[in-house]
Amino acid sequence: MSDIRTIRFTLNGTKVSKVVEAHETVVDVLTRKFDLSGTRESCRQGLCGCCTIYVDSNPVSSCLMLAWFLDGTDVRTIEGLADGDTLDPVQEAFIEAGAFQCGFCTSGFIMMVKHLLSENPDPSDEEIRHRLAGNLCRCSAYPEIMDAVKIAAAKARSVAKARP
Amino acid sequence: MEVAGLRGFDIVEPSSLEEAFGLLGTGDPAVRPMGGGTALMLMMKSELFKPTRLVSLRKLGEPFHGLGESADGKWVRIGALNTFSMLDHSPLMKSHFPIISRTMNTLANLRVRNVASVGGNLAHGDPHLDLPPVWMALDGEVRIVGPSGERVSAVADLYKGYYETTLEEGELITELRVPVKPDWKSSYTKVTTRAAHDWPAIGLAISVQLSGRQIQDLRIVLSAALDKPTRLTAAETVLRGRDIGEALLREAADAATEEVELETDNRGSQEYKTHLLRIYVTRALQDLVSEAAPK
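Residues numbered from 1 in each chain as written. Chains lettered and ligands numbered in written order. Predicted model: local features only at pLDDT ≥ 70, side-chain atom pairs only at ≥ 80, totals over all residues. Heavy atoms only, no water.

A. View of the sheet that holds strand 11 (residues 184-191) of chain B. All names here are of chain B. The strand order 11-12-13-14 describes an open sheet built from four strands, whose pairing is antiparallel. Looking at which strands have only one partner, the edges of the open sheet turn out to be strand 11 and strand 14 (230-231). Of the strand pairs in this sheet, strand 13 (residues 214-223) and strand 14 are connected by two bridges, and their pairing is antiparallel. Among the inter-strand pairings, Val-221 is bridged to a residue of strand 14, identified as Arg-231. Together, strand 11, strand 12 (202-211) and strand 13 form the strand contacts of helix 11 (residues 270-292), whose direction differs from that of strand 12 by roughly 30°. (Pairing = 2+ DSSP bridges. Helix = DSSP H or I, 4+ residues; strand = E, 2+ residues; numbered from the N terminus. Contact = heavy atoms within 4.5 Å. Axes fitted to C-alpha atoms, helices over the stretch in contact; angles between N-to-C directions.)

B. Structural detail: the pattern of salt bridges. All names here are of chain B. Applying the stated criterion across every chain yields a total of 30 salt bridges over all chains. A salt bridge links Lys-190 to Asp-130; its shortest N-O distance comes to 2.9 Å. Highlighted residues: Lys-190 in strand 11 and Asp-130 in the loop between helix 7 (118-124) and helix 8 (131-137), separated in sequence by 60 residues. In terms of burial, Lys-190 and Asp-130 fall into one category: buried. Here Glu-171 and Arg-151 are joined by a salt bridge, their closest N and O atoms 2.8 Å apart. Here Arg-151 lies in strand 7 (residues 149-154) and Glu-171 lies in the loop between strand 9 (164-165) and strand 10 (172-179), a separation of 20 residues in the sequence. The class of Glu-171 is buried, set by a relative accessible area of 12%. One salt-bridge network, held together by shared partners, links Asp-139, Lys-181, Asp-217, Arg-219, Arg-231, Glu-236 and Arg-240. (Salt bridge = Lys/Arg side-chain N within 4 Å of Asp/Glu carboxyl O. Buried < 20%, exposed > 50% of the residue type's maximum accessible area, 1.4 Å probe, protein only.)

C. Geometry of the pairing of strand 4 (residues 58-61) of chain A. As defined by bridge partners, strand 3 (residues 52-55) of chain A adjoins strand 4 of chain A across four bridges and the pair is classed as antiparallel. Within strand 4 of chain A, the position partnered with Ile53(A) by the bridge is Val60(A).

D. Broad picture of the domain arrangement of chain B. Residues and elements named next belong to chain B. With domains assigned, chain B is organised as domain 1 (4-56), domain 2 (62-179) and domain 3 (184-292). Taking only C-alpha atoms into account, the centre of domain 1 sits 20 Å from that of domain 2. Residue-level contacts link 16 residues of domain 1 with 14 residues of domain 2. Note on domain 1 versus domain 2: buried area summed over both sides is about 1100 Å², and carbon and sulfur give 76% of it. Among the residues domain 1 hides against domain 2, the three largest losses belong to Leu-17, Phe-21 and Thr-38. Together they make up 42% of the total. Our count for the contact surface shared by domain 1 and domain 2 stands at zero salt bridges. Secondary structure elements with two or more residues in the side of domain 1 that touches domain 2: helix 1 (17-24), strand 2 (31-34) and helix 2 (38-45). Looking at the side of domain 1 that touches domain 2 residue by residue, the class counts come to eight nonpolar, six polar and two charged. (Domains from an automatic or database assignment. Buried area = accessible area lost by both parts, 1.4 Å probe. Nonpolar A, V, L, I, M, F, W, Y, C, P; charged D, E, K, R; others polar.)

Encoded structure:
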């Protein structure tokens, strides 16, 4: 039967194809076959958020998804957020707030925060905490992460205001 | 990281039911249908389940999709491949079954809710899941198709025991139907003993039809602390037709804790969970009554 196939999908705006085996998870394929190391596997159970990517604009845990099922989808990873050398406002906000120590969880947090702000440009503390309850930072940079979300939200709102 | 549970299987994606039945009907319990796959992936990664073949249902089309009201408005049909997020965002669900959005609040996290499917969740048979007891309290039923035809089952009758369902080999849940009952109120209490988003120590889904402070009819479903989600019929009998008051709630809590023998596990001892049940069945009923008929 079929334990190997070629998947075709869009990765950070570029059409790509890759041969994958049935057992390969999305995070494995991104890391090993596309050399994109920003998406990380940590808890391996969908609890920690380090492996967050967008599939068709929805955040998913790439450690709980088989690469097989990426066929035909539109995938965005942390590497696809910046516009050339210009960082995404959420990335800038994390740097400004110093919202990390080791940085292992940071891309997952940034992906979740960017998605939160796209749905809710001015989230309350409770809404932020609730949404990020599925992301773990073992360096415990949570207070700075809260600051970063607020800085990012203010940046996004001022950009929106500046638009004609 | 290489995991033995994630080795040596193939994936097939049938596009018709006949093809799916053919692929599933092998007599091999390691051939499994897959909806969103989140729960199955956890079992594979922890090596509790080592598949030989995964039969993805995602290309099966219409009978598994869609979410809408019946023409007479008496029930809502939910295709089995709807994700939890689709339910969470559905205005129809919000207006008829606000309990669902409230339950989603503490159900796993957004990334899992974006993938996990209604049907897969029902077929998984893990007694700790939050939604099966809720569908039971709402009198939900599932449409099941299989090689020998089609049948309908109450969600309550899907469960035989710990991870055991009444689904036969090759049978697939295509949709869930939930009756619309405008004069009923319902709540789900997820009692966790470690973190808010943890698996529950006990789950308690209750729906009531009230007339003032009198309980006309009700469903109380307990999950997580038993081998399967279970109706607490003795407690229901105590409460049915009577006015809510302190003495009645005590009597109902006594009945509830006497009719089941809860499991001890790493979320609490039998004694502790029995205490939790007593407290939370009382609080949940009080809240439902005061929400419907404020003093």
